[in-house]
Amino acid sequence: MSTARPNGETTEKAIRRAAIEVIARHGFEAASLRMIAKEVGLQAPSMYNYIKSKEQLLFDLLKGPVSAMTAEYEERAKALPDPFDRLSLFIEVHLDFHLAYTQEVFIGNMELRNLSKPHYKIITGLRDRYSMLLTRIIEDGVAEGKFQVDEPRVTTFALLAMLSGVCNWYRPDGPVGKASMIQIHTQLALQMLGLGAGNSSLPRRAARGAAGPRTA
């Protein structure tokens, strides 16, 4: 990818934002580089100064979010040995992104099939790595006698389905704010792990996450 122009980084960001809008609106196959270029104010041939291909652009759009969530969780979890605290953090990181970037999530769910085989393998590998973060939290909690789960990996996928599903119906102007959504889903997650919001043994961070919802 070329960034020879002084405003190359700004233009690349504008291209990614335009691509998200156009692909979310029309689908990957119908979205053309010409359409994306028009949104940015470029001539279509100029797009190749910033991207290699439309498929490469899609790959970059799908790679960025899962890599960012993984990196943020891993960095912040270093000081959190307790499974309760790491679960609370994981839910916070996951929902922070999914509630703020609904179009990116939509594209990630719908357009994965349009990646080349090598790119598909990379993205699914990154997603597996990310989901294993949650599986390890559950396994650690089970090992310490804090969670009651028979199949940690199955429970992982059930929790991720619940957490990721919010972007399909959540509205920022609705009656419940993002902080309350995180609290509600933390409580639901704890219940799925064999616990309830009233469990007095919860550490402070997890207990806050398991508290009842606040009206935004």
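Just so you know, these numbers come straight off a predicted model, no measurement behind them.

Caption draft 1: Looking closely at the packing of aromatic side chains. Under the criterion given, the structure shown has four aromatic pairs. Ring centres 5.4 Å apart and planes at 85° place the aromatic pair Phe-84 and Phe-147 in the edge-to-face group. In this pair, Phe-84 is assigned in helix H4 (residues 83-100) and Phe-147 in the loop between helix H6 (117-143) and helix H7 (152-164), connecting sequence segments 63 residues apart. The exposure classification of Phe-84 matches that of Phe-147, with both residues buried. Put simply, the rings of Tyr-73, Phe-90 and Tyr-130 touch in pairs and so form one group of aromatic residues. Across from the ring centre of Phe-28, 4.4 Å away, lies the NZ or CZ of Lys-54, which sits over that ring.

Caption draft 2: Region of the structure containing the confidence of the model for the chain. Per-residue confidence for the chain gives a mean pLDDT of 87, with 87% of residues at or over 70. Across the chain, H6 holds the top mean pLDDT of 98, while helix H9 (residues 204-209) sits lowest at 44. Scored below 50 in pLDDT, residues 1-6 makes 13 contacts in the model with residues more than four places away or belonging to other chains. The low-confidence segment residues 197-216 (pLDDT under 50) makes 46 contacts with residues lying over four places distant or belonging to another chain.

Caption draft 3: Region of interest: the pattern of salt bridges. One pass over the full model with this rule turns up eleven salt bridges. As a salt-bridge pair, Arg-17 and Glu-21 come within 3.9 Å of each other at their nearest N and O atoms. Of this pair, Arg-17 and Glu-21 both sit in helix H1 (residues 8-26), four residues apart, roughly one helical turn. Given a relative accessible area of 28%, Glu-21 falls into the partly exposed group. Linking Glu-72 and Arg-76 is a salt bridge whose minimum nitrogen-to-oxygen distance equals 3.0 Å. Placement of the pair is Glu-72 and Arg-76 together in helix H3 (residues 54-77), with a separation of four residues, close to one helical turn. Arg-76 sits in the partly exposed class, given a relative accessible area of 33%. Linked by salt bridges that have partners in common, Arg-17, Glu-21 and Glu-104 make up one network.

Caption draft 4: Fine view of the layout of surface pockets. In this structure, the largest pocket encloses a volume near 450 Å³. Lining the largest pocket are 21 residues, with Met-69, His-98, Asn-109, Arg-127 and Ser-164 sitting closest to its centre. Counting only elements with at least two residues in the lining of the largest pocket, the list comes to H3, H4, helix H5 (102-110), H6 and H7. The class makeup of the residues in the lining of the largest pocket is eleven nonpolar, seven polar and three charged.

Caption draft 5: Representation of the side chain of Thr-135 in the model. Here Thr-135 is to be found in helix H6. Of the polar contacts made by the side chain of Thr-135, one reaches the side chain of Arg-153; its length is 2.7 Å. The contacts of Thr-135, once residues within four sequence positions are left out, are Pro-152, Arg-153 and Thr-156.

Caption draft 6: Representation of the environment of Lys-13. Along the polypeptide, Lys-13 turns up in helix H1. Relative accessible area serves as the criterion here: at 47%, Lys-13 is assigned to the partly exposed category.

Caption draft 7: Molecular detail of the nonpolar core. Ile-36 and Phe-90 are the most contacted members of the largest nonpolar core, which totals 59 residues. Within the residue set of this core, elements represented by two or more residues are H1, helix H2 (33-40), H3, H4, H5, H6, H7 and helix H8 (178-192). Contact partners of Ile-36, with chain neighbours within four places excluded, come to Ile-15, Ala-18, Ala-19, Val-22, Met-47 and Leu-57.

Calculation criteria
- Residues numbered from 1 in each chain as written.
- Predicted model: local features only at pLDDT ≥ 70, side-chain atom pairs only at ≥ 80, totals over all residues.
- Heavy atoms only, no water.
- Phe/Tyr/Trp six-rings, centres within 6.5 Å; stacked < 30°, edge-to-face > 60°.
- Helix = DSSP H or I, 4+ residues; strand = E, 2+ residues; numbered from the N terminus.
- Buried < 20%, exposed > 50% of the residue type's maximum accessible area, 1.4 Å probe, protein only.
- Lys NZ or Arg CZ within 6 Å of the ring centre and 35° of its normal.
- pLDDT = per-residue confidence, 0-100.
- Contact = heavy atoms within 4.5 Å.
- Salt bridge = Lys/Arg side-chain N within 4 Å of Asp/Glu carboxyl O.
- 1 Å grid on protein atoms, 1.4 Å probe; cavity = no way out; pocket = protein on both sides within 12 Å on 5 of 7 lines; lining within 4 Å.
- Points joined across faces, edges and corners; volume = space filled by probe spheres on them.
- Nonpolar A, V, L, I, M, F, W, Y, C, P; charged D, E, K, R; others polar.
- Polar contact = N/O pair within 3.5 Å; in protein donor to acceptor, adjacent residues only side chain to side chain.
- Core = buried A, V, L, I, M, F, W, Y, C linked by side-chain atoms within 4.5 Å.

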